[in-house]
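# Coordinates in review
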Amino acid sequence: MAFGCISPGARPLAQAIRRSSAPIFAALFAANGIPVAATDPVALMLFPEMDANADVPEITTACWGILGKSPDSLMCASARMVVKRKGAARPAALACTLLAHDPQFELGASLAEASRPVALNHPHCAKFCVLGGAACSR
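Residues numbered from 1 in each chain as written. Predicted model: local features only at pLDDT ≥ 70, side-chain atom pairs only at ≥ 80, totals over all residues. Heavy atoms only, no water.

## As for the side chain of His122
In this fold, His122 is placed in the loop between helix H3 (111-114) and helix H4 (123-130). Polar contacts involving the side chain of His122 include one to the main-chain amide nitrogen of His124, which spans 3.0 Å. (Helix = DSSP H or I, 4+ residues; strand = E, 2+ residues; numbered from the N terminus. Polar contact = N/O pair within 3.5 Å; in protein donor to acceptor, adjacent residues only side chain to side chain.)

## A few points about the side chain of His124
Mapped onto the secondary structure, His124 falls in helix H4. Setting aside chain neighbours within four positions, we find His124 in contact with Met50, Asp51, Ala52, Leu98, Leu99 and Cys129. (Contact = heavy atoms within 4.5 Å.)

## Quick notes on the sheet that holds strand E3 (residues 106-108)
Adjacent strands of a sheet form backbone hydrogen bonds with each other and so pair up, either parallel or antiparallel. The strand order E1-E2-E3 describes an open sheet built from three strands, whose pairing is antiparallel. Because the sheet does not close on itself, it has two edges, and the strands there are strand E1 (81-83) and E3. Taking each pair of neighbouring strands and ignoring which way they run, the sheet shows an average axis angle of 40°. Bridging between E1 and strand E2 (residues 92-94) involves three bridges; their strand directions are antiparallel. Bridge assignment links Val82 to a residue of E2, and that residue is Ala93. (Pairing = 2+ DSSP bridges. Axes fitted to C-alpha atoms, helices over the stretch in contact; angles between N-to-C directions.)

By themselves, these are just geometric observations and shouldn't be taken as functional.
What follows is the structure, given as structure tokens:
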């Protein structure tokens, strides 16, 4: 795994991808009568490719300062998703919508059990949320 931090300069790439894909999504939505504004990042959330095996930089303590972020600013610090999986005896409280199939991020059967800190040690944490600047809660 690579160590270090990538500057917020990666965000303009994500913005460029959104700008270039917006006309395609707009045409698709118009053709199918879907009332979604393709240029609105809140109305249309574009996710990057999520490869859990991808080599991503480790987020060091220094990275948070460079990026002007705090671990507390991420959705997983204060929100939980409760799911009842098919065939499961009980629901499960999860730390993140992107990590629904990773048992490490299943925090218990109730919100009370799940109200604890979450380690940001999954490749999606770094690639999507921290370095990518994205948030599911927008």
